[in-house]
Amino acid sequence: MPFTYTTRRGKTYYLHTGPKRGGGTQHYVSTDPERSVAEAVPDGFEIHETPNGQVYLRRAKRALIRPDELALVNAELSKHQTSQHCYLAEVNGKEIVIHEGATHIETLRAINIRFSESGLEDYAARNAQYTAVMRFVLQDEAKRIFRPERYCFRGSVEDWISIGEPAELHKLVSKFFKHLGRDSIDDLY
């Protein structure tokens, strides 16, 4: 049975195999079902989907973030979802990166001819464009201490800046998530 992957946006990708330049076999993903489709992800690799829906095959990374930590972040993020903003958490090595998506729901409401109100909000959330706004970087693997940072969009900085002292994840989440989607996030440093 051919291996397929369906994104959050409902797009189906196929894992293909083909010859490498110089010999050997390469694996890659595409939306074309006609090429030779692999039956499984090769050992040591994983399919990764970015918050904006790009899909690719990458080497599997050692899990430094525990499933319960990601579950805590996702549970708290679900409390901050609005019709204007949606959020996704992505694990990247030793970081939990929070992405904010702009749904543009008001524009979609003005031109909507296809969806019910709930269908429109679901469509807007699935197709939002995401930007990384906050992250928690694992500092101490034994004590599970994280360093909070936010992305600074000022032209002179354009980088991650520290917004507080390292602490346990549950304390950081309750302290900083209330700023998501608000102008007060720019006052954190």
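To be clear, the structure that these remarks concern was listed above.
### Considering the overall build of the protein chain
Next, step 1: When its secondary structure is counted, the protein chain shows four helices and 11 strands.
Next, step 2: Along the first, second and third principal axes, the C-alpha set of the protein chain runs to 55 × 50 × 35 Å.
Next, step 3: Of all 189 residues assigned to the protein chain, the portion counted as buried reaches 37%.
Next, step 4: Counted over contacts in the protein chain with a minimum sequence separation of 6, partners at least 24 positions apart contribute 46%.
Next, step 5: When the 26 positive and 26 negative side-chain charges of the protein chain are each reduced to one mean point, those points stand 3 Å apart.

### Considering the pattern of salt bridges
Next, step 1: Scanning all chains against the criterion turns up 10 salt bridges.
Next, step 2: Connected through shared salt-bridge partners, E95, R135, R147 and E149 make up one network.

### Considering the pairing of strand β4 (residues 45–49)
Next, step 1: In terms of strand pairing, β4 meets strand β5 (residues 55–59) through five bridges, oriented antiparallel. By the bridge assignment, F45 is partnered in β5 with R59.
Next, step 2: Between the end of β4 and the start of β5, which pair antiparallel, lie five residues, with G53 showing a positive phi angle near 90°.

### Describing the nonpolar core
Next, step 1: Ranked by internal contacts, the top residues of the largest apolar core, which has 23 residues, are V73, I98, M134, F136, F177 and L180.
Next, step 2: Setting aside chain neighbours within four positions, we find F136 in contact with K94, E95, I96, I98, F146, R147, P148, L169, L172, V173, F176 and F177.
Next, step 3: Core analysis: the next-biggest nonpolar cluster, separate from the first, contains seven residues, Y13, L15, I47 and L57 among them.

### Some thoughts on the side chain of H48
Next, step 1: Mapped onto the elements, H48 comes out in strand β4.
Next, step 2: By relative accessible area, H48 is classed as buried at 10%.
Next, step 3: A polar contact of 3.0 Å, which involves the side chain of H48, links it to the side chain of E90.
Next, step 4: Every residue in contact with H48, bar those within four places of it in the chain, is listed here: Q54, V55, Y56, R58 and E90.

Reading the values: rules and limits
- Residues numbered from 1 in each chain as written.
- Predicted model: local features only at pLDDT ≥ 70, side-chain atom pairs only at ≥ 80, totals over all residues.
- Heavy atoms only, no water.
- Helix = DSSP H or I, 4+ residues; strand = E, 2+ residues; numbered from the N terminus.
- Buried < 20%, exposed > 50% of the residue type's maximum accessible area, 1.4 Å probe, protein only.
- Contact = heavy atoms within 4.5 Å.
- Lys, Arg positive; Asp, Glu negative; His and termini not counted.
- Charge placed at Lys NZ, Arg CZ, Asp CG, Glu CD.
- Salt bridge = Lys/Arg side-chain N within 4 Å of Asp/Glu carboxyl O.
- Pairing = 2+ DSSP bridges.
- Core = buried A, V, L, I, M, F, W, Y, C linked by side-chain atoms within 4.5 Å.
- Polar contact = N/O pair within 3.5 Å; in protein donor to acceptor, adjacent residues only side chain to side chain.

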